[in-house]
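# Descriptive structure summary
Here are the chains, one letter per residue:
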Amino acid sequence: MSAKRTLHEGWTVTGDPEAPVAVDAIPAAVPGEVVADLLAAGLVGDPYVDEAERDLAWVGRNDWTYRTAFDYETGDWDGIDLVFDGLDTVARVSLNGTVVGETANMHRRYRFDVRSLLREGPNELEVHFTAPYAYAEAQRDRLGNRPNAYPEPGNFIRKAACNFGWDWGPNLAGAGIWRPVRLECWKTARIAEVVPRVSLEDGIGVVDLAVSLATAGDADIEVVCEVAGVTETVRLAAGVATANVRVAVPDPELWRPHDRGERKLYGVKVTAAGDTWEHRIGFRTVELDTEPDDDGRPYDLKVNGETVWIKGVNWIPDEALFSRVDPARVERRLRQAVAAGINYIRVWGGGVYESEDFYRICDELGLLVGQDFLFACAAYPEEEPFWSEVEAEARDNLARLAPHPSLVTWTGNNENLWGWHDWDWQGDLGERTWGAGYYHDLLPKLVAEVDGTRPYWPGSPYSGVRELHPNEQAHGSVHIWDVWNDRDYAHYRDWKPRFVAEFGYQAPPTWATVRRMVSDEPLEAASPAMLWHQKAANGQDKLQRGLDAHLPPVRDFDDWLYFTQVNQARAVRLGVEYFRSLQPYCSGAIVWQLNDCWPVTSWAAIDGEERLKPLWYALRDVFAERMVTFQPDGDGLNMVVVNDSAEAWTGVIGFWKCNAEGRIIGRALVQMEIDPRDTAVLELEPGAIPKDGEFLLTGREDFPRATWFTKEDKDMDWPTARFTTEVAAVEGGVQVTVHAESVLRDLCLFADRVDPDALVDKALVTLVPGEQVTFTVRSEAIAASAELQRALTAKPVLRAVND
Ligand code: BMA
């Protein structure tokens, strides 16, 4: 028998007496964190707005004490545990004045036996947090400094590295009870852990359940395991606490990623002495094929025996204040990913082991997930207490996440192998440890031991053997950052990668989000708060470099916003189109990054207020099942047609050659027959290749339009945009039809400028004269107002690059 009771009520938080802001027993949210509590109490400004973050540096340098009281009614229990799903980070937990435990790892769950300390009636629970800076700096002083790409001591504490700020995130390192806390009472036995290892053997679904119990008394205990109506029972003699139970499910339906068909989830139920553990699992196989070939070493992910071309995005915590992320928010974000054709999410190592909700939703939506272990862009000490902490957190999260079919790979770290090779670490490190023992020894052992079903890769990027440079493009995974940092985005084509685990390009967030994040007057690209919300090294200069290379001169902030967003979308579009054109040599591209954790200029496709940047629409185009792209080949030009669907693609692709006026000066039709999941490369006849100032574009029938320009927009003789518009009411919004009378380049309708809640269905549409496009705008406010509707058809809402 068991009973659970959450302890989320009645908390207060108190600060240090000497802290710059007096904080005495203000109400505290649990789960939550101190910055959110200070904000709710009106003691600090909103850290997401203007430069308020700057005034919060003291929070992470102070201790915080959380307290609550709760009533307890004595019961006939053999065990009573106080359970924390997450404590951030260095905590001393006391019940009724007695210390029950001390913690120093945000990434673990903790359980304390409190049976002898609980009192009938009121009980006092206290969690005292030591300042994360004080702890981390003390560890650093004790163990010797280690290189870190960021100036904070995040590598000396088991706390999300990005809490200390990142090149897209604020430094809000604080403290708090960030995941649920509860009392768990049990009699006779408690199911301590169940790790299901799911496999398929000749069409039979095999679930090997590693069950561990906590027990009291000397009775035998029956453990009953049930999957899909199949039940297996074992009897454990007194004192035996573990069992391995195999349940075989004949002919189960498979779990498939959303672009490979349907999926079914099956319930698993384990019961023992009245305690129950329930979860859902899915039957699928996963392999990572990295067998060396003539070219090097692939990185092919096979799900249910088929290689899946990875249309991926990198994921960061969806809020800088982590506990603000509720399941509905996660679901919205992941649905936005699916709607863009994304089939894979990489949970990046500077954040967290994602939540149950995150993985449950990925299971349901059919998203594949790769989870990094939590090490990013720094050298990490391997001395105690860190070695034991890392082992404990890995065991805990490997077991916790094991049931989820969406989770397909574990990766040792983000960029630390690369850092050791290339970022001048070796001289600074001398003989000091830096994490190699985790990535090459401890973690692979634990993945094999605890999980036993999923592939492990020591790092992102990694080339398969330690002797090779970890970012060796013919081997394994690579991160491509020279483009954003130093070179134009056409240089993506200088690479010939097997698998791209990161590449990306920045842009500011949407207008409505800019307006929420800064109150600068005048508002300029380099006004103070805009710059505060640009965290990347020389970020503004890199944006400007991209503008200078491609687009007409920027006249005002509206131009800057639109053009930088267009450039971001074009850069990533070019990268993905090129990487897909290398299929099957290249087997995936994971864009940096899907989401943001606050309003900021960043590489994200969806901004911190959940709005879609133009990049999101470009991703939907380039991740489509059927894609056509023009790719240069020496002096020639190829049309590459990628068919990532289960059916052959038979049909005719028409493309036109146009002059700068958009007049069609040549037409071609290509008969195509492309096998399922295959690619065709068609070399264009010299006569079909556009000359200086001309361009190519495909018809737009049943796949996203492909284009090829011979000059940059800034050098093209574009006519000034001419068009007419019509607005029609539809259920819940309006439709805006734009009739092109001239070329219109990358036409966008920024409906969020008219109604921050508006959602538009397309962006970045290129038209030639005589063509038209209809944008559907979902917005009650716009539907109800003729004035707002008028605003939709003019600058700065409706934009073309040549307007
Ligand atoms: C890579 C990532 C992140 C970073 C991004 C952009 O290094 O792993 O650490 O935010 O590039 O610079």
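Residues numbered from 1 in each chain as written. Predicted model: local features only at pLDDT ≥ 70, side-chain atom pairs only at ≥ 80, totals over all residues. Heavy atoms only, no water.

### Here's the deal with the overall build of the protein
For clarity, the threshold we go by: Comment: elements are numbered from the N terminus, with helices defined as DSSP H or I runs of at least four residues and strands as E runs of at least two. Radius of gyration here uses only the C-alpha atoms, and the compact-globule reference equals 2.2 Å multiplied by the residue count raised to the power 0.38. Think of it in three bands: residues with accessible area under 20% of the maximum for their type are buried, residues over 50% are exposed, and the middle band is partly exposed, with areas taken using a 1.4 Å probe on protein chains only. Note on definitions: a residue-residue contact is assigned when non-hydrogen atoms from the two residues lie within 4.5 Å. Here the open area of atoms and residues is found with the Shrake-Rupley method and a 1.4 Å probe, where only the protein chains shown may cover a residue. Counted as positive: Lys and Arg. Counted as negative: Asp and Glu, with His and the chain ends omitted from the count. By convention, the charge on Lys lies at NZ, on Arg at CZ, on Asp at CG and on Glu at CD.
A tally of regular secondary structure across the protein gives 16 helices and 44 strands. Its C-alpha atoms give the protein a radius of gyration of 28 Å, within 12% of the compact-globule value 28 Å for 803 residues. In terms of its C-alpha atoms, the protein occupies a principal-axis envelope of roughly 90 × 65 × 60 Å. Burial status across the protein gives 61% buried among its 803 residues. The contacts of the protein with a sequence gap of at least 6 include a subset with a gap of at least 24, amounting to 69%. As displayed, the protein has an accessible area near 29,500 Å², and 47% of this comes from carbon and sulfur atoms. Taken together, the 80 basic and 129 acidic charged side chains of the protein have centroids lying 2 Å from each other.

### Section: the state of the cysteines
Applied cut-off: When the sulfur atoms of two cysteines come within 2.5 Å, that pair is taken as a disulfide.
Counted under the stated rule, the structure contains zero disulfides. Here C162 stays unpaired: no disulfide links it, and the sulfur of C597, its closest cysteine neighbor, is 6.2 Å away. Take C748: it sits in no disulfide, and the sulfur closest to it among the cysteines is that of C658, at 20 Å. You can call C748 buried: its relative accessible area is 1%.

### Topic: the nonpolar core
So the rule is basically this: To define a nonpolar core, start from buried Ala, Val, Leu, Ile, Met, Phe, Trp, Tyr and Cys residues and group those joined through side-chain atoms within 4.5 Å.
Grouped together as the largest cluster of nonpolar side chains are 217 residues, with contacts concentrated most on Y66 and L82. Ranked by residue count, the leading element in this core is helix α13 (residues 557–581), at 13 residues. Formed by 24 residues, the second largest nonpolar core is a distinct cluster that contains V207, V211, V247 and W277.

### Brief notes about the sheet that holds strand β39 (residues 733–740)
Put simply, the test is: Two strands qualify as a pair provided DSSP detects at least 2 bridges between them.
Reading across the sheet, the four strands line up as β38-β39-β43-β41 and stay open at both edges, with antiparallel pairing between neighbours. Two strands bound the open sheet, and with one partner strand each, they are β38 (723–730) and β41 (759–760).

### Concerning the site of the ligand
Put simply, the rule is: Being near a molecule or strand, for a residue, means having at least one of its heavy atoms within 4 Å of it. When residue character is reported, Ala, Val, Leu, Ile, Met, Phe, Trp, Tyr, Cys and Pro are called nonpolar, Asp, Glu, Lys and Arg charged, and the others, Gly included, polar.
Close to the ligand lie W166, D167, W168, W348, C377, N414, E415, W481, E502, W592 and W603, which account for all nearby residues. About the coverage of the ligand: the protein hides 91% of its 300 Å² of free accessible area. Grouping the amino acids of the shell around the ligand by side-chain chemistry returns seven nonpolar, one polar and three charged.

### Observations regarding the packing of aromatic side chains
Two descriptors summarise a pair of aromatic rings, namely the distance from one centre to the other and the angle between the planes of the rings. Put simply, the rule is: Aromatic pairs are defined between Phe, Tyr and Trp rings, using the six-membered ring for Trp, whenever the two ring centres lie within 6.5 Å; interplanar angles under 30 degrees are classed as stacked, those over 60 as edge-to-face, and all others as tilted. In our convention, an over-ring charge means Lys NZ or Arg CZ found within 6 Å of a ring centre and within 35 degrees of that ring's normal.
One pass over the structure, following the stated rule, counts 50 aromatic pairs. Members of the aromatic cluster, each reached through a chain of ring pairs, are F375, Y380, W387, W418, W420, W423, W425, W434, Y438 and Y439. Just above the ring of Y133 sits the side chain of R61; from NZ or CZ to the centre is 3.9 Å.

### Here's the deal with the sheet that holds strand β17 (residues 242–250)
The condition that has to hold: Helix axes are fitted only over the stretch in contact, all axes being lines through C-alpha atoms; the angle between N-to-C directions runs from 0 to 180 degrees.
Pairing is antiparallel in the open sheet, where three strands are placed in the order β13-β14-β17. Looking along the sheet, the strands with just one partner apiece sit at the ends: β13 (189–201) and β17. Between one strand axis and the next, the sheet turns by 20 degrees as a mean value, whatever way the strands run. Bridge count for β13 against strand β14 (residues 204–215) is twelve bridges, and the pairing is antiparallel. By the bridge assignment, E201 is partnered in β14 with I204.

### So, the pairing of strand β24 (residues 344–347)
For clarity, the threshold we go by: By convention a crossover is right-handed if, when the strands point away from the viewer, the path from the first strand over the helix to the second runs clockwise.
Across the two faces of β24 the burial is the same, with Y344 and R346 and I345 and V347 all buried. Pairing of strand β23 (residues 310–315) with β24, which is carried by four bridges, proceeds in the parallel orientation. Bridge pairing in β24 places W315 opposite V347. Crossover handedness for the path β23 to helix α3 (residues 327–339) to β24: right-handed. Strand direction decides the pairing type here: β24 and strand β25 (residues 368–372), joined by four bridges, are parallel.

### Comments concerning helix α14 (residues 614–622)
Burial analysis of α14 places eight of its nine residues in the buried class, the great majority of the element. Those residues of α14 lying buried are P614, L615, W616, Y617, A618, L619, D621 and V622. Where α14 is buried, its residues touch β23, α3, α13, β30 (588–591), β31 (626–633) and β41.

### Focus: the pattern of salt bridges
Note the threshold: One side-chain nitrogen of Lys or Arg within 4 Å of one carboxyl oxygen of Asp or Glu is enough to make a salt bridge.
If you walk through the whole model with that rule in mind, you get 65 salt bridges. Here E389 ties to R108 by a salt bridge, and the two come within 3.0 Å at their closest N and O atoms. Separated by 281 residues along the polypeptide, E389 in helix α5 (residues 386–401) and R108 in the loop between β7 (98–104) and β8 (110–113) bring together distant segments of the chain. For E389, a relative accessible area of 13% translates into the label buried. Here R324 ties to E319 by a salt bridge, and the two come within 3.8 Å at their closest N and O atoms. The exposure class assigned to R324 is partly exposed, which follows from its relative accessible area of 31%.

### Describing the environment of Y439
Put simply, the rule is: Whenever two N or O atoms come within 3.5 Å, that pair is a polar contact, provided that in protein one can donate a hydrogen and the other can accept it, and provided that, for residues adjacent in sequence, both atoms are side-chain atoms.
Tracing the backbone shows Y439 in helix α8 (residues 436–451). Classification of Y439 as buried rests on a relative accessible area of 0%. Spatially, the C-alpha atoms of Y439 and W457 are 8.5 Å apart, while their sequence positions differ by 18 residues. Not counting the four nearest positions on each side in its chain, Y439 is found in contact with F375, Y380, G412, N413, N416, L417, W434, P444, Y456 and P458. At a separation of 2.9 Å, a polar atom in the side chain of Y439 contacts the side chain of N416.

### Quick look at α3
Threshold: One fewer than the residue count of a helix, multiplied by 1.5 Å, yields its expected span. An arc is given here, and it is the one of the directions from the helix axis to the C-beta atoms.
Here α3 contains 13 residues, and its C-alpha end-to-end distance of 18 Å stays within 8% of the 18 Å for a straight helix at 1.5 Å per residue. All buried positions along α3 are accounted for by R329, V330, R333, L334, Q336 and A337. All buried residues of α3 project into a common sector of 150 degrees when viewed along the axis, lining one side. Structurally, α3 contributes buried residues whose contacts are with β23, β24, α4 (356–365) and α14.

### Brief notes about the side chain of R745
Note on placement: R745 falls in strand β40 (residues 744–749). Judged by relative accessible area, which is 6%, R745 ranks as buried. A polar side-chain atom of R745 sits 3.3 Å from a polar atom in the side chain of D713.

### Some details on the side chain of N171
Mapped onto the elements, N171 comes out in strand β11 (residues 169–171). Engagement of the side chain of N171 in a polar contact is seen with the backbone oxygen of F164, the distance being 3.3 Å. One polar contact links the side chain of N171 to the main-chain amide nitrogen of A173, over a distance of 3.2 Å. What N171 contacts, discounting residues up to four positions off in sequence, is E53, Y133, E152, N163, F164 and G165.

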